[in-house]
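# Overview (structure and organization)
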Amino acid sequence: MRAIANNRDVSSLLGVPIRRVEALAWLGSGVICGCVFLLLPPLFKSIDQGTLTWFIIGALGGAIVGQFSSLWITFFASLTIGVIESILTPFSNSLQFMSDFRKMTPFIVAVAAIMWISRRRTVVLSGREMR
Amino acid sequence: MTAVATSAATSAEAPPARAITRVTKSRWFSPGAAVVVFLFAVFFIPAYFDSFWVANFTQMAVFSILAASAGLLYGRVGLVSLGQVASYGIGCWVTIRLAFATSLPFPVIVILGGLAATLIGVFIGLPALRVGGLYLALVTLMLAAGMEIVLSTIKFPNGGSGFKGVVASLSDIKPTRRPSFAATDVTYYRFLVVGAFIMFILASFMLARKPGRAWESIRQSEAAALAAGIDVTRYKLLAFALAAFMAGVAGGLYAGTVPKGMSIDAFNRQSAIFLIAVVIMGGIYTLWGGLLAAFFSTCLLKFLTQNVVGHQFWTRFALSLFGFGLLVNLIQNTRVAEKKGVQA
């Protein structure tokens, strides 16, 4: 799986069964995702496609911090985002805005992470020649 | 040998601008065809369609500007932005707020709404300039989702006082004003078509000139564009600004189509993803793609859910059609790119 993530073409030349490994990756992530959504119903009054989209976009925040490569960083980043969001919930009166905008936490964290990741500007040259 | 040398010398003397125009001419918005479509939309549609379809074509005119702005960024500059809906929402909010707060003519407040969206679009664009591809798509999606939260929290103005302009009770909601010369649905539709036409001409004007050539160069290879002396940062920002302005103006024009109490539904994250799906289905390499995308997402969708046999099925599953269309489009594009030996 790591070989394919690094270079799909070279992996196929080395004899890695690309399609099988990719199917396995989809299967694995599908199973994990399915298990997560089985755990969700008790937490929400109603679940529709809107809630699920919201959930996935929020979860992407944690994945971005982990740069799509580190499961541990993703796990702890998502946990931190969730904790920050919960801490911001009980504010009222003059700090009501913090409570109102608490759902923005994953997005703010994700945008900050992307800016940090790309703090040095690089130009990527294509590996192949463009015709 | 002499003949060859002479022909080479002649071709070297030919004005390069004409050659470049010839290369890019077939790919921009043909003015003749645009005028025909414009006249058809202004005179034929209101005369031969009932009010239900005029309302759908009104939505189509608004959506075509938005789709053209997203297509321009993706197809002509190579920047995948899912944040166009945010600029659309900002344009709409500012236009409605100014419509209640001032007595300025409607076209002026629409332009002001577009300029406000441009300012924020550039502000978003500045940090996003450093990233590309997947990260740009994600950062813009995050910003669109963030903007949805902001708009749903502060709500759209509906005639109240203060910065937000929101009334305390539902019975006090005032209607959003339209221009005095376009108060009815048909005249407002014509006004929208004129607005969309102007936006398309503006985009095609930019594409056919220096910025368009610079964007084409950046799209093909950013490194080559840098090496050729193109100010990549400036032209990318210009693309963000133009796209945000178009989306902002579309939002401002959309404000007049909803008589009372604008809702967040048109500006949420699903709309952001839906927009990019229909834009890819419509085609991203010409501005006509924006028009086609708008046709798919408004008129075709309504046609399927209203008139076609088995419309109850389509009411539930019509949106899946766009997901399917997007998949087919992307798989086909990847195959074509692989055949040509170009990285998708």
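Here's a quick rundown of the structure. Note that the structure is predicted; figures quoted are calculated from it, not measured. (Residues numbered from 1 in each chain as written. Chains lettered and ligands numbered in written order. Predicted model: local features only at pLDDT ≥ 70, side-chain atom pairs only at ≥ 80, totals over all residues. Heavy atoms only, no water.)

Each helix and strand counted, chain B has 14 helices and 0 strands in total. Going from N to C terminus, chain B has its helices and strands arranged as α-α-α-α-α-α-α-α-α-α-α-α-α-α. The 344 residues of chain B split such that 48% are buried. Residue pairs in contact within chain B that sit at least 24 positions apart in sequence constitute 75% of those at least 6 positions apart. (Helix = DSSP H or I, 4+ residues; strand = E, 2+ residues; numbered from the N terminus. Buried < 20%, exposed > 50% of the residue type's maximum accessible area, 1.4 Å probe, protein only. Contact = heavy atoms within 4.5 Å.)

What follows is about the overall build of chain A. For chain A, the helix and strand inventory stands at 7 helices and 0 strands. Along its sequence from the N terminus, chain A presents helices and strands in the succession α-α-α-α-α-α-α. Looking at the 131 residues of chain A, the share that counts as buried comes to 23%. In chain A, the proportion of contacts linking residues at least 24 apart, taken out of those at least 6 apart, comes to 30%. As displayed, chain A has an accessible area near 9800 Å², and 66% of this comes from carbon and sulfur atoms. (Areas by Shrake-Rupley, 256 points an atom, 1.4 Å probe, with all protein chains shown as cover.)

Residues and elements named next belong to chain B. With respect to the element layout, Tyr188 can be found in helix H8 (residues 185-207). Distance in space between the C-alpha atoms of Tyr188 and Thr58 is 8.2 Å, their sequence separation being 130 residues. Here the side chain of Tyr188 touches Leu253 through a polar contact of 2.6 Å, landing on its backbone oxygen. (Polar contact = N/O pair within 3.5 Å; in protein donor to acceptor, adjacent residues only side chain to side chain.)

Time to look at helix H9 (residues 210-220) of chain B. Here H9 of chain B has its buried residues at Pro211, Gly212, Ala214, Trp215, Glu216 and Ile218 of chain B. Structurally, H9 of chain B contributes buried residues whose contacts are with helix H4 (51-76), H8, helix H10 (222-227) and helix H11 (232-255) of chain B.

Residue and element names in this part refer to chain B. Here Asn268 is to be found in the loop between H11 and helix H12 (269-282). There is a polar contact of 3.5 Å between the side chain of Asn268 and the backbone oxygen of Asp265. Apart from residues lying up to four places away in sequence, Asn268 is in contact with Val85 and Glu148.

For the rest of this paragraph, the subject is the pattern of salt bridges. Scanning the model with the defined rule gives 5 salt bridges over all chains in all. One salt bridge connects Glu22 of chain A with Arg8 of chain A, and the closest N-O pair in it is separated by 2.8 Å. With Glu22 of chain A in helix H3 (residues 18-39) and Arg8 of chain A in helix H2 (residues 8-13), this residue pair connects regions lying 14 residues apart in the sequence. Asp185 of chain B is paired through a salt bridge with Arg178 of chain B; the nearest N and O atoms lie 3.0 Å apart. (Salt bridge = Lys/Arg side-chain N within 4 Å of Asp/Glu carboxyl O.)

Residue and element names in this part refer to chain B. Judged by side-chain charge, Arg209, Lys210, Arg213 and Arg234 come together as a positively charged surface patch. With respect to the helices, strands and loops of the structure, Lys210 is situated in helix H9. Of the residues examined, Lys210 reaches a relative accessible area of 56% and is grouped as exposed. (Patch = residues over 30% accessible without salt bridge, like charges linked within 9 Å, V, L, I, M, F, W, Y side chains within 5 Å. Lys, Arg positive; Asp, Glu negative; His and termini not counted. Charge placed at Lys NZ, Arg CZ, Asp CG, Glu CD.)

Residue and element names in this part refer to chain B. Among the structural elements, Phe240 can be located in helix H11. Relative accessible area serves as the criterion here: at 5%, Phe240 is assigned to the buried category. Ignoring any residue separated from it by four or fewer positions in sequence, one finds Phe240 in contact with Leu73, Leu79, Gly121, Gly125, Ala128, Leu129 and Leu136.

Another point: a nonpolar patch on the surface. Residues and elements named next belong to chain A. A cluster of nonpolar residues, Ile32, Val36, Leu43, Phe44, Ile47, Phe55 and Ile56, forms a patch on the protein surface that exposes about 610 Å² of accessible area. Secondary structure elements with two or more residues in the nonpolar patch: H3 and helix H4 (49-65). When you line up the elements, Val36 lands in helix H3.

What follows concerns the side chain of Thr305 of chain B. Residues and elements named next belong to chain B. With respect to the helices and strands, the residue Thr305 is situated in helix H13 (residues 288-306). A residue is classified by how much of its surface remains accessible, and Thr305, at 17% relative accessible area, is buried. Engagement of the side chain of Thr305 in a polar contact is seen with the backbone oxygen of Lys302, the distance being 3.2 Å.

The next point concerns the packing of aromatic side chains. As enumerated under the stated definition, the model contains 19 aromatic pairs over all chains in all. When the ring of Trp72 of chain A is compared with that of Phe75 of chain A, the centres are 6.3 Å apart and the planes differ by 90°; the resulting orientation is edge-to-face. Linking Trp72 of chain A with Phe75 of chain A, this pair stays in helix H5 (residues 71-87), spanning 3 residues, or about one helical turn. Taking the relative accessible area as the measure of exposure, Trp72 of chain A reaches 62% and is therefore exposed. One aromatic cluster in this structure is built from Tyr88, Phe156, Tyr254 and Phe267 of chain B. Positioned over the ring face of Tyr188 of chain B is Arg178 of chain B, at 4.7 Å from the centre of the ring. (Phe/Tyr/Trp six-rings, centres within 6.5 Å; stacked < 30°, edge-to-face > 60°. Lys NZ or Arg CZ within 6 Å of the ring centre and 35° of its normal.)

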